[in-house]
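Spelled out, the chains give:
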Amino acid sequence: SSAASDVYKRQVLVVDTDEERLERVAEFGGEAVLSADVRAKSADLVIEAAGVPSVVRDGLRMLRPGGHYHFVGMVHPESELGITGEAIVRGCVVMRGFHNYAPRHLERAVAFLERSELPWGRLVSPPVPLGRLEEGFALSATRRWARVAVSMQG
């Protein structure tokens, strides 16, 4: 039915190995999935944002034929993927990498945040002054925040 396909198109699965991080997903409208529970052929689009080559095979396994795989996190030389051309060709997969940002991307992101009612503040720590960067690293190690903010002031 049309109503069912509308709901289907808006479903966002967030895959992770960390159950604590997955607990936040529902607040942002997604469906949390442990990587061990990834369903085969369940996605039209996979966005790799972790920068971890070992997750690519699971991502390809999730894609429906003709699906798109977008890379945004692999900007380091240790990013050999260990996949075959066969997996790409037989799946009719469209792969695309994204790197660097232009001022227009920042403007669009800020505009999105301004109109969004999602609890973004729960993902980013209070700012840590640059002069106390070691405190920022320690805060990051606690994994309480998805990102630790660093301020030029202080």
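The structure this text deals with has already been given above.
Predicted model only: the values in this text are computed from it and were never measured.

About the cut-offs
Residues numbered from 1 in each chain as written. Predicted model: local features only at pLDDT ≥ 70, side-chain atom pairs only at ≥ 80, totals over all residues. Heavy atoms only, no water. Core = buried A, V, L, I, M, F, W, Y, C linked by side-chain atoms within 4.5 Å. Buried < 20%, exposed > 50% of the residue type's maximum accessible area, 1.4 Å probe, protein only. Helix = DSSP H or I, 4+ residues; strand = E, 2+ residues; numbered from the N terminus. Contact = heavy atoms within 4.5 Å. Pairing = 2+ DSSP bridges. Phe/Tyr/Trp six-rings, centres within 6.5 Å; stacked < 30°, edge-to-face > 60°.

**Brief notes about the nonpolar core**
Part 1 of the reasoning: Within the largest apolar cluster, 11 residues are counted, these being Val38, Ala43, Val46, Val56, Leu60, Met62, Leu63, Tyr69, Phe71, Met74 and Val93.
Part 2 of the reasoning: Contributing elements (two or more residues each) for this core: strand E3 (43-48), helix H3 (56-62) and strand E4 (63-71).
Part 3 of the reasoning: Leaving out residues up to four positions away in the same chain, Tyr69 has contacts with Val46, Glu48, Val55, Val56, Gly59, Leu60, Leu63, Val93, Val94, Met95 and Arg96.

**So, the pairing of strand E5 (residues 94-97)**
Part 1 of the reasoning: Alignment of E4 against E5, held across four bridges, turns out to be parallel. The residue bridging His70 from the neighbouring strand is Arg96, located in E5.

**As for the packing of aromatic side chains**
Part 1 of the reasoning: One pass over the structure, following the stated rule, counts three aromatic pairs.
Part 2 of the reasoning: Look at Tyr69 and Phe71: their rings are 4.7 Å apart centre to centre, the planes differ by 25°, and that puts the pair in the stacked class.
Part 3 of the reasoning: Here Tyr69 falls in the buried class, since its relative accessible area comes to 1%.
Part 4 of the reasoning: With a centroid separation of 6.0 Å and 65° between ring planes, the pair formed by Phe112 and Trp120 is classed as edge-to-face.
Part 5 of the reasoning: Accessibility expressed as a relative area gives 37% for Phe112, which makes it partly exposed.
Part 6 of the reasoning: Members of the aromatic cluster, connected to one another through ring pairs, are Phe28, Phe112 and Trp120.

**A look at the environment of Gly29**
Part 1 of the reasoning: Relative to the elements of secondary structure, Gly29 occurs in the loop between helix H2 (19-22) and strand E2 (31-34).
Part 2 of the reasoning: Take Gly29: its relative accessible area is 57%, and that puts it in the exposed class.

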